[in-house]
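The primary structure of each chain is shown beneath.
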Amino acid sequence: MGLAVASQIPCQYCIYFHTEAAKLNGASDEEIKETIAMAAIVRHWSTILNGSQVDLATFKKQTDGVFAAVKAKSQ
């Protein structure tokens, strides 16, 4: 989590600290790369949704529908 946030701030000190902490806790290089990529994807879509002024209520309704369908299918 810390590495994802640090990557987006960006803060070289925080990136170094959280990368080393993740490794100390057993994170692989692949997991570290995935964390950074996920932070980038979240920021990307946040920029698109906010910049496009997508209606939040509509977004929530559509998102809830997707998650409800996935949950129903997994049961």
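Nothing here was measured: the structure is a model prediction, and the numbers come from that model.

> With reference to specific residues and values, describe the side chain of Thr 19.
On the secondary structure map, Thr 19 appears in helix α2 (residues 12–24). Setting aside residues up to four positions removed in sequence, Thr 19 forms contacts with Leu 3 and Ile 32.

> Before we move on, can you summarise unusual backbone geometry with the specific residues and values?
Residues apart from glycine generally show negative phi values, whereas peptide bonds are mostly found in trans. The step from Ile 9 to Pro 10 runs through a cis peptide bond, and the omega angle for that step is -20°. By the element assignment, Pro 10 lies in the loop between α1 (2–8) and α2. Phi at Gln 53 takes a positive value of approximately 55°, unusual for a residue other than glycine. Positionally, Gln 53 belongs in the loop between α3 (29–51) and α4 (56–74).

How each quantity is defined
Residue positions are given per chain, counting from 1 as you read along its sequence in written order. For a predicted model such as this one, the threshold for reporting local features is a pLDDT of at least 70, and the threshold for listing and counting side-chain atom pairs is 80 or more; totals across whole chains, interfaces and linings nevertheless cover every residue. Calculation of side-chain values draws on the structure's entire complement of heavy atoms; hydrogens and water are dropped beforehand. Here a strand is any run of E in DSSP of at least two residues, a helix any run of H or I of at least four, and the numbering for each starts at the N terminus. Residue contacts are defined here by distance: any two heavy atoms, one from each residue, within 4.5 Å place the two residues in contact.

In short, geometric facts, not functional conclusions.
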